[in-house]
Amino acid sequence: MAMPVSGVPTEAPAAQVPAGHALARVGRAVRSNRKATAGTILLVIFILIALFPGLIAHDSPTADAYPPHLGPSTAHLFGTNAYGQDLFAQVVWGTRNVLIIAFVVGLATTGIAVLIGVAAAYLGGAWDGTLGVLTDVLLVIPLFPLLIIIAAYAHGEGTIVLIMAITLTSWSYTARQLRSQALTLRNRDFLVAAKVRGERNLYVIVMEVIPTMTSLIVASFLTNALYAVLLASSLQFIGLGDPNTVSWGTTLYWAENNAALQTGEPLWAIAPGACIAALGAAFALLNYAFDEIGNPALRPVRRSKRVRST
Amino acid sequence: MSPTELLRADHLTRHFKIGNALSRRTLHAVDDVSFAVGEREIVALVGESGSGKSTIARLLARVYEPTAGTITFEGKPIKAIRSRRDRLRYSGLVPMVFQDPFASINPVFRVQHGVLRSLKLHRPELSGKQRLDEAARVFGVVGLGTDMLQRFPYELSGGQRQRVGFALALAMRPKLILADEPVSMLDVSIRIGLLNLMAKLRDEEGVSILYITHDLASARYVADRLIVMYAGQIAESGPIEDVLTRPKHPYTQLLLSAVPDPKAPLSEVTDRGEPPKVIDPTPGCRFRWRCPLAIDACSSVTPVLAELGAPAERLAGSGEASGVAPADRQAHTVACHVAQSGADVRAFAS
Amino acid sequence: MSEAHEILGVSGLSVDYVMPQGDIRAVDDVSFTVDRGEFLGIVGESGCGKSTLLFGVAQLLAPPARIAAGSVRFKGTNLVGLTDRQLSAIRWRDMSVVMQSAMNALNPVTSIGAQFKDALQAHGKPSRQEIAARSAEVLRMVGIDPVHLKSYPHQLSGGMRQRSMIAMAMLFTPDLIIMDEPTSALDVVAQRALMVQIKELQHTYGFAVIFVTHDMSLISHFSDRLMVMYAGQVDELGGTREIFDRPRHPYTKGLLEAFPSIRGPRTALKGIPGNPPDLARLPTGCRFHPRCPLAVERCTQVAPDLYEVDAALVRCLRLADGSMSQPTDEHRSLTQ
């Protein structure tokens, strides 16, 4: 009968989410929460676009095959840019690059942060000290300038470098967060119970501590993915990505180079910009939704549908 | 060592360093405690918070190492238990049940997870199917249906979760269960079920239990012997009815008088219930500030746990400084100068 | 219990938890009164709704909980439906609350004195001397040296924390103090000291107390009247001594018998078999019937009202002489 929720006594009826396979429960939670549904739909749309770009946009994004400066029409949904490339195809094909960056950086950053943060908290002592120093050094270095320097040195090497640079500079914040949460868990009875029944440290960290931190880990993943999108697009926009990759950021770069907004081709800048915003919103909505799913006190109270009682 | 003795603690001491580098002070959580637990008995370890009772449980469970003193299990000192296999064996024979039913089970796994893990670690000879059968068996012994195995902790009530804790301990075929306030966080009406379970484990499964609590009434209901702790030391010890009907230590009398009893008129208790923090203590009885009967000796000489009427010289300064005479766990002993002097001590009316 | 002496009148109060699968009624049609200076004890197991009821009375419910029906008449005004601003005039001046665990209710990063100051400043503009004087005064009332105004909650013992919670509740000498299990985190001697303290303060300052607990024996010597709750409903309501000497509802009897005694013979106790019902899946008829040793066929079909049996109100069909008695006049006058 737990779920202590601020302001509401702990007698709140438990067992609202019926037990079942974890995936089924998540599915139920997503369907019942409006933010989760919206975010999921948006994200799924983008994923589908990234997986099957050829089905959606029939033109090649890089071929300078068309007359330039065309406005939007049924042949070219977003028109063409100054080089005669179909903008719709560029945006559609660019989705793949952005999503790859988002997911890989999100996973890598969170993975590293989990390992380092939780190990530091659980092992304590000298381990915590050393790992802490490592984390803090990276934490205090200004993120974006460091990224610019790294990307400038690796100018033109492409997406992999971008991913690595962003991951390297982003994991420390999450590591600190996860360490804090792991610290609060360290002396919980169920962890002492695990040690007392004879489990080894590694087992306790991986199988007992980390599973109870899933909501923070998921939130970290979503946040890191979101920031990856923004950071990568920003770097590409200022020209530090590989300008020949097809991506929203590079499209923006070319749009800026050709002063698209001033020369009457606003879609060149607006289309990729709007996509970045939409994908960012998808991740943000999912983040809110997971908060609400995990903590019922945050859920909006709607008109009651029916009263259950005798 | 008496033939049925299971575990004994001799001069067990545990100190904690507190404060920062500038002011190093020592917290005396447990000081010179000696007692024994035999087979098939429930010993209640009673005291307020800060009395050291939980620290003793953790010392016996090897969560902490003692600062001084020894713990002997089945005749062998547990300090000698070093290899992983031996450690595992000890933790299976002397498992712990925790106080907080909401924090002692990992919330993300089904409740069978802990039991199955215990079985995997401690009884590796069992196959997967045998483990499931054994899990079902111990759940049955503690009064939980086998359908409970698949449930998640949030679906169970506090009382049911505590039963899971006992099932976990039982699965390892223990000799002595360290129960650290297993019912304190449960409703009073639910406690009886758990207390009956503990008695059943003693009678039918042959398990001994060290029952740590601050509730004298529940201790009386289920325990055979009683050890009263105050400020890290044992104040009084003996067979439970003996100690409760003829309490000799003023602190025991205070506890008795404060227990709510709807059938009796309200007793006069003016003590505020402020247990001491035992930091860098001076010699002398630690209860003297709250004791209405304190005499001069209480401020300078630390009382020694001894049987009533035993001459003080036999014990003070001799090789067995304090502690129950090895063979006789059933002796009623008390650590109080006034009680030892033979006066009929009535510090707190009950 | 005349109108003139009544300070709190709760009528037909129901509290729901709004859930996606349907609302769950945690408090079902509860009515009772509290007179000036009276000590009312509310007892029940976890999940019976007693804490939710308390929060409902104090208008402290947060989503997903909400008041579904009923009124809470405090000194003549119905609190249900008042705005926060209207409520804040009453809060702490006339009615204050002491929570279950001081560590949850006290701000751990500010001193006790600073928290008293916050409370005092929320209701007026006292000068610094007035704040200091009143803070020291209430601490002395509960037996704490005023030097502890500078202390942080973690520096005080459990008993002292609870007493400073009570001191804070006394800042404006309210007419009613609501207490939600304030002693459950304390040891037995500290519990006793706290109960005695509360009673003394009550005698001196004349405020009423509603005290929620799961431990009946604790308040047996302190409460004037007792209300036993089960599964969101009131099962028995009457004078404390009366209920202890002659418990009528089978649940009350079961509760009283579940306490091991410190004196008297050592007998095996059974407690009450089974568990309280899931509020989302209540049994038909009487909610207690699955666990009741006296249940008959009719108990599974008819949900009992509160019937007047001698001097108490009891929710049991069989006690109403085997026939469907009408609810009492007194009960009817409490409901709207």
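For the structure itself, look to the data block above.
Residues numbered from 1 in each chain as written. Chains lettered and ligands numbered in written order. Predicted model: local features only at pLDDT ≥ 70, side-chain atom pairs only at ≥ 80, totals over all residues.

J.: I keep staring at the overall build of chain B and nothing clicks. Help me out?
T.: If you tally the helices and strands in chain B, you get 12 helices and 12 strands. Here the C-alpha radius of gyration of chain B, 21 Å, is about what a compact globule of 350 residues would show, namely 20 Å. Projecting the C-alpha coordinates of chain B onto the three principal axes gives extents of approximately 65 × 50 × 50 Å. Going through the 350 residues of chain B one by one, you find that 52% of them count as buried. A sequence separation of at least 24 residues applies to 69% of the contacts in chain B between residues at least 6 apart. (Helix = DSSP H or I, 4+ residues; strand = E, 2+ residues; numbered from the N terminus. Rg over C-alpha atoms; globule rule 2.2 N^0.38 Å. Buried ≥ 20, exposed ≤ 12 C-beta atoms within 10 Å, placed from the backbone. Contact = placed C-beta atoms within 7 Å.)

J.: Could you clarify how one ought to interpret the interface of chain B and chain A in this entry?
T.: As a measure of interface size, the accessible area lost when the parts come together is often cited. Taken together, the contacts link 26 residues of chain B with 16 residues of chain A. Broken down by secondary-structure element, the contributors of at least two residues to the side of chain B that touches chain A are α2 (84-93) and α3 (112-122) of chain B. Ranked by residue count, the leading element in the side of chain B that touches chain A is α3 of chain B, at 4 residues. Here the residues of the side of chain B that touches chain A sort into 14 nonpolar, 7 polar and 5 charged. (Nonpolar A, V, L, I, M, F, W, Y, C, P; charged D, E, K, R; others polar.)

J.: I would appreciate a short explanation of the sheet that holds strand β2 (residues 25-38) of chain B in the present structure.
T.: Pairing between sheet strands relies on hydrogen bonds along the backbone, with the strands arranged either parallel or antiparallel. Residues and elements named next belong to chain B. Pairing within the open sheet is antiparallel, and its 4 strands lie in the order β2-β1-β4-β5. Whereas interior strands pair on both sides, the edge strands pair on one side only; in this sheet they are β2 and β5 (76-77). Pairing geometry for strand β1 (residues 5-18) and strand β4 (residues 68-73), over 5 bridges, is antiparallel. Its bridge partner being in β4, Leu-7 is matched across the sheet by Phe-73. (Pairing = 2+ DSSP bridges.)

J.: So what exactly am I meant to see when it comes to the sheet that holds strand β10 (residues 233-239) of chain B here?
T.: Residue and element names in this part refer to chain B. Sheet architecture is open: 8 strands sit in the order β6-β7-β8-β3-β9-β10-β12-β11, paired in mixed fashion. Whereas interior strands pair on both sides, the edge strands pair on one side only; in this sheet they are β6 (96-97) and β11 (306-307). Pairing of β10 with strand β12 (residues 333-334) involves 2 bridges; the strand directions are antiparallel. Within β12, the position partnered with Ser-237 by the bridge is Thr-333.

J.: Sorry if this is basic, but what is going on with the interface of chain B and chain C here?
T.: If you look at the interface, chain B gives 31 residues, while chain C gives 32 residues. At the level of elements, α6 (188-204), α7 (216-222) and α9 (250-258) of chain B are the ones that each hand at least two residues to the side of chain B that touches chain C. The dominant element in the side of chain B that touches chain C, judged by the number of residues it contributes, is α7 of chain B, at 5 residues. Of the residues assigned to the side of chain B that touches chain C, the class counts are 15 nonpolar, 8 polar and 8 charged.

J.: Would you mind going over helix α5 (residues 158-171) of chain B with me for this structure?
T.: Because each turn of an α-helix spans 3.6 residues, side chains separated by three or four positions end up pointing in the same direction. Residue and element names in this part refer to chain B. For α5, with 14 residues, the first-to-last C-alpha span of 20 Å sits near the 20 Å given by 1.5 Å per residue. Taking burial as the measure, the 14 residues of α5 include 14 buried ones, the bulk of the element. Immediately beyond the C-terminal end of α5, within one or two residues, lies Arg-173, with a positive phi of roughly 55°. (Expected span 1.5 Å × (residues − 1).)

J.: Explain the nonpolar core here, please?
T.: Looking at soluble globular proteins, one finds that nonpolar side chains tend to be buried together. In this structure, Ala-44, Ala-167, Leu-210 and Tyr-211 of chain B are the most contacted members of the largest nonpolar core, which totals 276 residues. Ranked by residues supplied to this core, first place goes to helix α4 (residues 87-123) of chain A with 18 residues. When sequence neighbours within four positions are dropped, the list of residues in contact with Leu-210 of chain B reads Val-37, Val-43, Leu-45, Ala-57, Leu-176, Leu-178 and Ala-179 of chain B. (Core = buried A, V, L, I, M, F, W, Y, C linked by C-beta atoms within 7 Å.)

J.: Whenever I open this one, the environment of Thr-13 of chain B confuses me. Can you help?
T.: Residue and element names in this part refer to chain B. Examined against the element boundaries, Thr-13 turns out to sit in strand β1. Placed 57 residues apart in sequence, Thr-13 and Thr-70 show a C-alpha to C-alpha distance of 8.7 Å. Not counting chain neighbours up to four residues away, the residues in contact with Thr-13 comprise Val-30, Asp-31, Asp-32, Pro-66, Thr-67, Ala-68 and Gly-69.

J.: Before we go on, may I ask you to explain the packing of helix α10 (residues 214-237) of chain A against helix α11 (residues 248-257) of chain A in this structure?
T.: When two helices pack together, their arrangement is captured by the angle between the axes and the distance separating the axes. All names here are of chain A. Following both chains from N to C, one finds α10 and α11 inclined at 30°, their axes separated by 7 Å at the closest point. Note on packing geometry: the crossing formed by α10 with α11 is right-handed. Side by side, α10 and α11 meet where Ala-232, Ser-233, Leu-235, Gln-236 and Phe-237 of the first sit next to Trp-248, Gly-249, Thr-250, Leu-252, Tyr-253 and Glu-256 of the second. A per-class count over the contact of α10 with α11 returns 6 nonpolar, 4 polar and 1 charged. (Axes fitted to C-alpha atoms, helices over the stretch in contact; angles between N-to-C directions. Left-handed = near helix turned anticlockwise from the far one by under 90°.)

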